[in-house]
Every structure is written in structure tokens, then in C-alpha cells.
Amino acid sequence: MDWKGGRRSDNVEDRRDFSAAGAGAGLGLLLRLLPFLLQTKFGRGLLLVGVLGYFGLRFLGIDLLNLAAPTAVAPAQQKFSAQDQELVDFVSVVLANTEDTWTVLFQQMGRQYQKPKLVLFRNGVSSACGFAQSAMGPFYCPGDNKLYIDLSFYQDMKTKLGAPGDFAQAYVIAHEVGHHVQNLLGVAAKVNQLQQGKDKAAVNRLSVLQELQADCFAGIWGHYADKNFRMIEDGDLEEALNAASAIGDDNLQQQAGGRIRPEAFTHGTSKQRMEWFKRGMDTGDVKACNTFNTAR
């Protein structure tokens, strides 16, 4: 992938100097469970016990909120290699290229593209969607319009998933940007609405369609990265398709040693992920990415 020398984005937020401790996860989980706790007598009782316990500890001079806040490691303790810096440059160029691509596409749709922030972190990070650990992998949070990635994920792609290559790495960023595009177009809100009141299997099916569309949007970026910026080199498409295949639900379930359970799929099979990425790559057309209309 010919990326060196490309424009770098101003929207990269580097938090690698701070390593968040996992204690904040408990508070984030409590906040997410709050609506459900209030729905039952047992849940309200449990919440009451927690509140009384909290103020009891405050009376003793112990502040749980301070304990739950992610701790920060002093920047001087963090050391970054030349390889780390090259990865930062890489994601900055890829993000800038997605910005240029989607700005034009949104203009063609009569809309204005709002550029997302990309947050680099190590170990764990707090977002508007709660606390997340690196093991969750890269993610997009619609609550703050930010993409989050621990760059160590790229090493995992190579060693654990068998998906090396710079275009495979770029695909990961383009996929998360695809979720941002869905958020701006109102797709994410519509999916959330449709998921309300549905059983787990139905919720998962809608999640699969949303993820496959993000794959297709990633392919659209690849289409214009090749057409307008000549960034794509021989073998790059194969790298991206290999990455899409590696993170298919069926492949991940097999790697985990379990049986394949389609009802538990949340992102789509390897075949589906490859097909939708390639559809976006081949067409460069947002309308071709309507997974919801073509789903059977």
C-alpha cells in the first residue's frame, strides 16, 4: 500500500501516554445496567443497597468515584519505538484519506461530512460508551463520534488471526469509519430502534446487517483510495479480503474451539464479510451497500 507521503489527519487523539486501570469498568457497567435495575423490585433493592453503601463509605472518607476513575501512568514512563511512530503516521494518513473520500461522497448526497476523531490508547480507555479494554478490539462510539484503537491489535492480526499487511490494517480503520458514516446517515439509530423489544437472535441478525454494511463502506473507501489516490498496490485487495475472512464469526467460533452457531453471529460469516467489502470496492457506490434491502 503506497501511503507514505500522504496527508496526515489532524483528528488523531493520542492517549497512549496514559494507561487506564480496569477499575472504571465497574462504574461504567453499573451506569449501563441502571435502566434495567430500575425495572424490577429486586433490581431497585440492589441499587438501594449500593447507594447506601456508597454514602456509608463516603461518610468514612472513602470516595468510590475516585477509586473507579482510570489511573494515569506518567508520560515519562511510556516509551514508543520507531515502529510505533510509523504506525501512528500510517493510521493518520489512512484516516485523512477516509476524510477526503467521504467528504466528497457526502457532498454528492447533499450532506456535510463530520470528521470523526481517532483515539489511540493502550490497555484500556474511557469513552462516551463506557470503559473498554484492548481485548475488545477497535471500536466506534456514536456517543462521542470517535474511533478507538490500541495499535497492538495490528500485531494480533498478524500473529493470532493470520491477517498481516498494511491494507488489512487500513481496512480495520475504514470499517470503523463506516460505522461513523452509518451514524451520520441515521442507519445506526434506525437499527437501534428496530432492535428494541426483539429477542437475542433477531438483535444479532440486525447487528450482522449493520456490520456488513460497514464492511461495504470500507470497500468504498478502498475503491476511491485506488481510483483517486493510487494507494492500492498488487496484493492489497487480497490482504483486506483475508482480514475480512479472518474476523468472520464462523471462523472466530471455530478458532475458539466451539461449534458454529449462526444464531450467535453478530458480524457475519467470513464469506459475507469478504463479499460485502468487495462489493463496495468494486462499485464505489453507497447505494450498493444496502445490506438491509438485500438480506434474506
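Residues numbered from 1 in each chain as written. Predicted model: local features only at pLDDT ≥ 70, side-chain atom pairs only at ≥ 80, totals over all residues. Heavy atoms only, no water.

### Quick notes on the environment of A243
Part 1: With respect to the helices, strands and loops of the structure, A243 is situated in helix α9 (residues 236-246).
Part 2: The exposure class of A243 is buried, given its relative accessible area of 3%.
Part 3: A sequence separation of 75 residues divides A243 from A168, and the C-alpha atoms of the two residues are 5.7 Å apart.
Part 4: When neighbours within four sequence positions are excluded, A243 is seen to be in contact with M157, A163, A168 and Y171. (Helix = DSSP H or I, 4+ residues; strand = E, 2+ residues; numbered from the N terminus. Buried < 20%, exposed > 50% of the residue type's maximum accessible area, 1.4 Å probe, protein only. Contact = heavy atoms within 4.5 Å.)

### A few points about the confidence of the model for the protein chain
Part 1: Residues with a pLDDT of 70 or more make up 79% of the protein chain, whose mean pLDDT is 83.
Part 2: Considering only residues more than four positions removed or in separate chains, one finds that residues 21-32, a stretch of pLDDT under 50, has 16 contacts.
Part 3: Counting contacts from residues 51-76, a segment whose pLDDT is below 50, to residues more than four positions away or on other chains yields 28 contacts. (pLDDT = per-residue confidence, 0-100.)

### A short note on the state of the cysteines
Covalently bonding the sulfur atom of one cysteine to the sulfur atom of another cysteine gives a disulfide.
Part 1: Taken as a whole and assessed by the stated rule, the structure comprises two disulfides.
Part 2: Two residues, C129 and C141, share a disulfide whose sulfurs are 2.1 Å apart. Torsion about the S-S bond of the C129 and C141 cystine: about 95°, corresponding to right-handed handedness. With C129 in the loop between β3 (124-127) and β4 (130-133) and C141 in strand β5 (residues 139-141), this residue pair connects regions lying 12 residues apart in the sequence.
Part 3: Accessibility expressed as a relative area gives 0% for C141, which makes it buried.
Part 4: At a sulfur-sulfur separation of 2.0 Å, the disulfide partner of C216 is C289. (Disulfide = S-S within 2.5 Å.)

### So, the pairing of strand β6 (residues 146-149)
Part 1: The side-chain alternation of β6 yields two buried faces, one formed by K146 and Y148 and the other by L147 and I149.
Part 2: Pairing between strand β2 (residues 117-120) and β6: four bridges, direction parallel. Opposite L120, over in β6, you have I149 as the bridge partner.
Part 3: The hairpin formed by β5 and β6 contains four residues between the paired strands, and N145 there has a positive phi angle of roughly 55°. (Pairing = 2+ DSSP bridges.)

### Points about the side chain of D150
Part 1: Positionally, D150 belongs in the loop between β6 and α5 (152-159).
Part 2: Among buried Asp, Glu, Lys and Arg side chains, D150 stands out as unpaired, with R122 the closest opposite charge at 5.8 Å.
Part 3: One polar contact links D150 to S134, side chain to side chain, over a distance of 2.5 Å. (Lys, Arg positive; Asp, Glu negative; His and termini not counted. Salt bridge = Lys/Arg side-chain N within 4 Å of Asp/Glu carboxyl O. Polar contact = N/O pair within 3.5 Å; in protein donor to acceptor, adjacent residues only side chain to side chain.)

### Considerations on unusual backbone geometry
Part 1: One non-glycine residue, N123, lies in positive phi territory at about 75°.
Part 2: Using a relative accessible area of 46% as the deciding quantity, one classes N123 as partly exposed.
Part 3: Within the chain, R230 stands out as a residue other than glycine whose phi angle is a positive 55°.
Part 4: Among the structural elements, R230 can be located in the loop between α8 (200-227) and α9.

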